[in-house]
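Each chain, written out:
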Amino acid sequence: MEFANVFTPTSTEDQLQHVGDMVEEGIPTDEVVVDPSMEEMFDPVNMEFVELRSVLADGGDHYGVSAVSFDLQEELLWMGNQGGHMTSYYGLDLRKYTSFQVHPECHEVRQVVSIDGGVLCLTDNLLQCNARTGMCLFKFTDDRIMSDMQTMALTQPTNLLMGGMQRTMAELDLTTVRVIREFNFAEDCAILRLSNRYACAGSTTGKISLLDPKSLNVEHTLETHSGTLSDFDVSGNLLVTCGYSKRIGTVDRFLNSYDLRMMRMVQVIPVHIDPMFLRFMTTYTTRMVVVSQTGQFNLVEPDPGTPPSFVYQVNTHGGIINFDMSQTCQAMAFGDSTGAVHLFGTSSEDVCYNTFSDDTEFAPTNEPLLPIDIDDMLTPLSTVPMPYTQEKLLSDWPPHLCRKLYRKAPLVDSDVLRTMKVVQFIGYAPNPGTRLRNQVPYRMDKGSKGRQRKRSVPESPLGRGDDPFLAVPKRYRRVEMKYTKLGVDDFDFKHYNKSPFPGLEPILPNSYCNSVLQILAFIEPLSNSLRSHLCSREFCIACETGFLMHMLDTAKPGETCQATNFLRAFKTLPEASGLGLVLNENVDTCKVNYARLIQSWNRFILQQIHNETVKEEPEAALPSELSQGYFDTSGSSIIKDLFNTNVVSTTRCRCEREISRNSSSLLFTLLYPDCQIQGLNKPMQIAFGEVLRSSMCLEHTTQAWCEDCGKYQPTVQSKIVKCLPDVLTVNCQVESQKDFEFWKIQQELRAEAKRNKTEEEKPVLQSGITAAERGPKPCRYANMCTRKDCRFAHEKDKVVEFEDPVDMMGLDDIIAPWVPPGLCLVLDSQRNLCVQELWDDDDSIPSDSSSTTAYYELMGVIAEVHESKLIGSHLVSCVKVGRRYHQRKTGQMRSCWYLFNDFCLSCVNKEEARLFNLDWKVPCVLYFVRKDISKRFQDPVKNPITTDVLLNEASLAKSRGRAISFAPLQPNELPQAGDLVGLDAEFVTLNQEEAELRSDGTRSTIKPSQMSVARVTCVRGQSPQEGMPFIDDYISTQEQVVDYLTKFSGIKPGDLDAQFSNKHLTTLKSTYIKLRHLVDVGIIFVGHGLKKDFRVINLVVPPEQVIDTVQLFHLPRQRMISLKFLAWYFLGVSIQSDMHDSIEDARTALRLHQKYEEMRRDGDDVSTEVKIREMYEKGRALQWKALDGDLDGGIPADILQDM
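What counts, and at which threshold
Residues numbered from 1 in each chain as written. Predicted model: local features only at pLDDT ≥ 70, side-chain atom pairs only at ≥ 80, totals over all residues. Heavy atoms only, no water. Helix = DSSP H or I, 4+ residues; strand = E, 2+ residues; numbered from the N terminus. Buried < 20%, exposed > 50% of the residue type's maximum accessible area, 1.4 Å probe, protein only. Contact = heavy atoms within 4.5 Å. Areas by Shrake-Rupley, 256 points an atom, 1.4 Å probe, with all protein chains shown as cover. Expected span 1.5 Å × (residues − 1). Pairing = 2+ DSSP bridges. Axes fitted to C-alpha atoms, helices over the stretch in contact; angles between N-to-C directions. Salt bridge = Lys/Arg side-chain N within 4 Å of Asp/Glu carboxyl O. Polar contact = N/O pair within 3.5 Å; in protein donor to acceptor, adjacent residues only side chain to side chain. UniProt positions renumbered as here; feature names shortened; annotations may be inferred. Arc of directions from axis to C-beta. Disulfide = S-S within 2.5 Å. Parallel < 35°, antiparallel > 145°, perpendicular 65-115°, else oblique. Phe/Tyr/Trp six-rings, centres within 6.5 Å; stacked < 30°, edge-to-face > 60°. Lys NZ or Arg CZ within 6 Å of the ring centre and 35° of its normal.

This part covers the overall build of the protein. Of regular secondary structure, the protein possesses 24 helices and 55 strands. Within the protein, the fraction of its 1203 residues that count as buried is 48%. Counting only contacts in the protein whose residues sit at least 6 apart along the sequence, the fraction spanning at least 24 positions is 59%. Approximately 61900 Å² of the protein is accessible, and the part contributed by carbon and sulfur atoms is 50%.

And the structure:
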């Protein structure tokens, strides 16, 4: 286990000394952690900035964005790229304003500065001033002093100071465009910043020279970093820098702060990202923004007592090259190497660039006349201007070629007929509002004349059973669970699940991951391996995932399971909290981007399970590599065997310097090209396989340091796939409007191609009805037919693909699945990847593969469902259950697609699983599995839990006066199948119940209380030591307990704390595997209210292994009887007088079971029921209060007479 270096500095000298010691010892400074509280830093609720807009700049497909700058006079954002082109964008929606070429030889734009009359653009050998409308005002060049210019700054409104990699700096008069003065500088000048006293010039050697703005003499020099200076900024008398360390060779994970009055460093500010750029937020005095090259940025306060803010992530596919902040500090702009500009703004609605901006001048525009399709029947012809001509128009058809057709009157809505009131002969009804006034929508029937197409949506909402204005099908919606005083015990889960598989409950926090867990459970090699895994770590995600998959595999059809223990272990992972994957209970779920969250969680969980199941100790990956999407897959594990893809990453500079390194990837993210090519009237159809291939073999340009060139250069980074995985996981990453339009267009083009192909290939019979429409002839014996190979149609063989008539009907004419059901991936001899789509039936996908050829079938799909802004969104998954799994669970040899909407399960059509209506269903993750994966992995499930878990174990409690309340099992008394064991569990409350009072005075439960098991006791049921407990574990918990329920649980504060407890304290995992072993052996548990006990413990026990005394002494439609009353009535003993004791309760349950068996032996079932009815009558007379004493002497005589 590795620990970060945590320290609490008391002074600036302590900070410097600690960081210096770490450098001397070779410890990376990026492990310095000042504030141990990281939760608030990654809490999405604390976001001050949100992404407003991202656009692909002009020339972005060839050049990266080298400079961005906010205009200081108008609401404009200026961008310069590496091809010497300038573009300005207006407003928060980044509407293109002007665009022009600066350098004729396509040299990159290095800096942009706005002035009153226009904007200044600096390249390596050219300075150009343009008006904001694009017209060039002047150009300045001088081969003597402008050989490699890098930066510029306005010393006065008309004076410009320029510097670069050469040792000469020059001051230019902008009114005369002449050099006022020039002087030689001791260092190169890469960055220029102005303060109220100095002109600060930073060099690549890590030095900052403070110049007198009037004389330009060097007044002071600051030694900031031993390596290259990355960026710095000045605010008042405070100067802050970031850069590189020469000893370590990486970015320093801290900022150096200097006081210009004392000319010395005053503070070291640790940061949590690799700082590459920084800017002061002048409206917040000392607050600043720190940006890394990978797209992360953070708001930093120099005060060490201030908690860190949220770490933001720019959605970029390359590195960040430039960054700027607006004058109001309400907007930030980022330019990346892929040619995109990203705009971030504050969460408020009135975001502006400047406090008082001038009005922007726009050119007058003439609205063009849009073309009208010849088949367009909706656009009025009056929108077409009538040409002035004396000739006959083309639309003036001769009479013999025309035929008058009248539109058929639509049927009257059944809502109108139902509510109509007839007065004399006129009917009056309220307008249902389903149609626009004086408009009758109609649809052209392109099919055959003898067949009328069925309406996709009924005229009336009656009969549909739901809101007619909600487009989301019923089975995709989030099911709201109704709670009663019994919690969820009386909720009918089987009403929503008619499938042979169990579902998962969504009531726990962070249960958004249910969709991924339900898919991973059906990948049999992964499920078998995790179910066979067991380790000694208390919080192991791999172990908890294996336990959960075992529950899902052994649960009865229609039941539900909870991922309680899994989510409990997940919350303890600091890496998950650091990535923002752990949601707080009070977070507004309507504002959570579940699509982005589940894709990040999918990436994290695969790496986490690999790290926990790896057979060899993995080497820690560098943080910079992990942030760029590389995975640490050293060692061997089931995750690596199934999901890993070896990739060769190559980096090539302009100077032909090439670096190659091997990396691994567990999943791939789709990157979408532009399908609307300029000059084409119709969007281009792009195959899914081509998009997948380009995403796997990604090639892009980014800014990187070149050792040969000695500076940052545009480098081409490419990837080559070396091997093919068994499970191909694809993150769809449909986030921007451009990505939505791409999916929508491709599905529409697929539907159009499908319609054209269908119309060409359908053979038409003489009656005018196609053979496919007619179908097979009905069988003469109907449903009484017993022939298995009968080729005629039977009514019983019809399969209803859709339960709700409004689900997906009508979409087949508009969109069609763009994702194919199968793929064929081939690596040729040069390791070039070829992706071929397989659109035939799933059964026709070949299963033979090799190391260079693999056939995949789509196995799982995760989608985000948007219901409304008030309800928010949630995640669902579609899983294709294979034949082997179906045969094992149901005995039927078939494969079928199922929709998993948490605990709501239904069978869906294979087309529906791949169809995405982007209005409410958005794709998130796709899982492609090799067709022959069952042949490649044939390891069965091996139960890792042995009898050793029942033997004596050490306690976590550190108290010496610990009392032993149980006798561990000996090897000669290990339990066998069918043995009785008394069980009782006690709980504590982690979260109180949330309820509200209705207007009628009734109480409604909004959210039930969250319980955690605190004590588990198992008592011998049949042995010479009958009644002696062999398990009496107190469960240690790290979560905050709000109520110990001492009166009902017997748990007191301190019993669950290892420092103060005198009990036998263990972990929940240790107790869980003991109970799992007893279940696997076949033990029969006897207890009172075991259903709730097993639910909170998160354990699935077969019904035949449970004897619940609640049910033994219960009559139908009557109340449940407490254990205390049953013990008093049938056994004549008084229990639970002061507080509950699980040992006493377990023994009492065993004695009640023996009493029940004795009653059955003495008589039949009728006599036993009579005795139970007598108990109910006496209970009502006593108001179900067990009196002190035994049954004969404890009840007063007057009450006995009334009985």
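There is more to say after this.
Further remarks concern helix α8 (residues 594-613). In this model α8 runs 28 Å from its N-terminal to its C-terminal C-alpha over 20 residues, within 8% of the 28 Å that 1.5 Å per residue would give. Counting buried positions over the 20 residues of α8 gives 16, a clear majority of the element.

Let us look at unusual backbone geometry. With phi around 55°, L94 is a residue other than glycine that occupies positive phi space. Relative to the elements of secondary structure, L94 occurs in the loop between β6 (85-90) and β7 (95-101). Under the relative-accessibility criterion, L94 is labelled buried at 5%. For M263, which is not glycine, the phi dihedral falls at a positive 55°. Position of M263 among the secondary structure elements: in the loop between β22 (254-259) and β23 (264-270).

All right, on to the sheet that holds strand β9 (residues 119-122) then. Taking strand neighbours across the sheet as the criterion, the 4 strands line up as β8-β9-β10-β11 in an open arrangement whose pairing is antiparallel. Both outer strands of the open sheet, β8 (111-114) and β11 (136-140), are each paired with one neighbouring strand and no more. Averaged over neighbouring strand pairs, the angle between their axes works out to 15° when direction is ignored. Pairing of strand β10 (residues 127-130) with β11, which is carried by 4 bridges, proceeds in the antiparallel orientation. Bridge pairing links N130 to C136 in β11.

The next subject is the pairing of strand β42 (residues 833-838). Pairing analysis gives 6 bridges linking strand β41 (residues 822-827) to β42, with the strands arranged antiparallel. When the bridges of β42 are listed, L825 appears paired with V835. Hairpin connection between β41 and β42: a loop of 5 residues separates the two successive antiparallel strands, and R831 in this loop has a positive phi of roughly 65°.

The next subject is the pattern of salt bridges. Note that side chains of opposite charge can pair when their charged atoms are close. One pass over the structure, following the stated rule, counts 37 salt bridges. R110 is the salt-bridge partner of E108, the closest N and O atoms lying 3.4 Å from each other. Note on E108: relative accessible area 23%, which makes it partly exposed. You can call R110 buried: its relative accessible area is 17%. The closest approach of N and O atoms between E182 and R144, which form a salt bridge, is 2.7 Å. With E182 in strand β15 (residues 178-184) and R144 in the loop between β11 and β12 (149-156), the pair connects residues that are 38 residues apart, well separated along the chain. Residue class for E182 comes out partly exposed when judged on its relative accessible area of 33%. A relative accessible area of 56% means that R144 is categorised as exposed. If you follow the salt bridges from partner to partner, you end up with R193, D231, D233 and R279 in one network.

On the secondary structure map, K880 appears in strand β44 (residues 872-881). Residues K880 and C907 lie 27 residues apart in sequence; the distance between their C-alpha atoms is 9.9 Å. In terms of polar contacts, K880 uses its side chain to reach the side chain of E857, at 2.9 Å.

Turning next to the UniProt feature "binding site: a divalent metal cation" (unreviewed entry) in the protein. Per the UniProt record, "binding site: a divalent metal cation" (unreviewed entry) is found at D984, E986, D1093 and D1145. Their sequence span is 162 residues, while the largest C-alpha to C-alpha distance among them is just 12.9 Å; these annotated residues converge on one region. Tracing the backbone shows E986 in strand β48 (residues 980-991). By relative accessible area, E986 is classed as buried at 5%. The contacts of E986, once residues within four sequence positions are left out, are S1012, V1013, A1014, R1015, F1048, S1049, H1140, D1141, S1142 and D1145. Excluding residues that lie within four positions of it along the chain, D1093 makes contacts with D984, A985, F987 and H1088.

Let us now look at helix α23 (residues 1165-1181). The end-to-end C-alpha separation of α23 is 25 Å, in line with the 24 Å expected for 17 residues at 1.5 Å each. Along α23, the residues classified as buried are T1168, I1172, M1175, Y1176 and G1179. In a view along the axis of α23, the buried residues occupy a sector of 100°, so they form one face of it. In this structure, α23 carries V1166 and E1177 as exposed residues pointing more than 90 degrees from its buried face. Where α23 is buried, its residues contact α20 (1109-1112), α21 (1123-1131) and α22 (1142-1162). Where α23 terminates, the next one or two residues include Q1183, which has phi positive at roughly 55°.

Before going further, it helps to spend a moment on the environment of V925. Looking at the element boundaries, V925 is found in strand β47 (residues 921-930). By relative accessible area, which is 0% here, V925 ends up buried. Each C-alpha atom, one on V925 and one on T669, is 9.1 Å from the other, the two residues being 256 residues apart in sequence. Here V925 is in contact with Q599, N602, T729, V730, N731, C732, G860, V861 and I862, once residues within four sequence places are set aside.

As a further point, take the state of the cysteines. Throughout the structure, instances matching the rule amount to 0 disulfides. With no disulfide of its own, C540 has C535 as its nearest cysteine by sulfur position, at a separation of 3.4 Å. On the accessibility criterion, C540 (0% relative accessible area) is buried.

With that out of the way, let us pick up the packing of helix α5 (residues 541-554) against α8. Here α5 crosses α8 at 105°, and the two axes come no closer than 8 Å. Taken together, the axes of α5 and α8 lie roughly perpendicular to each other. The residues of α8 that touch α5, namely those facing I541, A542 and T545, are I605, Q608, I609, E612 and T613.

Let us look at the side chain of R914. Relative to the assigned elements, R914 resides in the loop between α15 (910-913) and β47. Once you skip the residues sitting within four places of it in the chain, R914 turns out to touch Q747, P817, W818, V819, P820, P821, W839 and L858.

Here the focus is the environment of S230. Mapped onto the elements of the fold, S230 is located in strand β20 (residues 229-235). With a relative accessible area of 15%, S230 lands in the buried category. On a C-alpha basis, the gap between S230 and S203 in space is 9.2 Å, while along the polypeptide they are 27 residues apart. With sequence-adjacent residues up to four places away left out, S230 is seen in contact with I191, C242, G243, Y244, P275 and M276. Of the polar contacts made by the side chain of S230, one reaches the backbone oxygen of M276; its length is 2.6 Å.

What follows is about the packing of aromatic side chains. Throughout the structure, instances matching the rule amount to 40 aromatic pairs. Aromatic side chains F547 and Y1072 sit 5.0 Å apart centroid to centroid with 40° between the ring planes, which places their arrangement in the tilted category. Taken together, the residues span a long stretch of sequence, with F547 in helix α5 and Y1072 in helix α18 (residues 1068-1081) at a distance of 525 residues. Residue F547 is classed as buried on the basis of its relative accessible area, which comes to 5%. Judged by its relative accessible area of 4%, Y1072 falls in the buried class. Clustering of aromatic rings is evident, with ring pairs tying together F1113, F1125, W1128, Y1129, F1130, Y1156, Y1176 and W1184. Here the basic side chain of R750 rests over the ring of W839, its NZ or CZ set 3.7 Å away from the ring centre. Across from the ring centre of Y885, 4.7 Å away, lies the NZ or CZ of R888, which sits over that ring.

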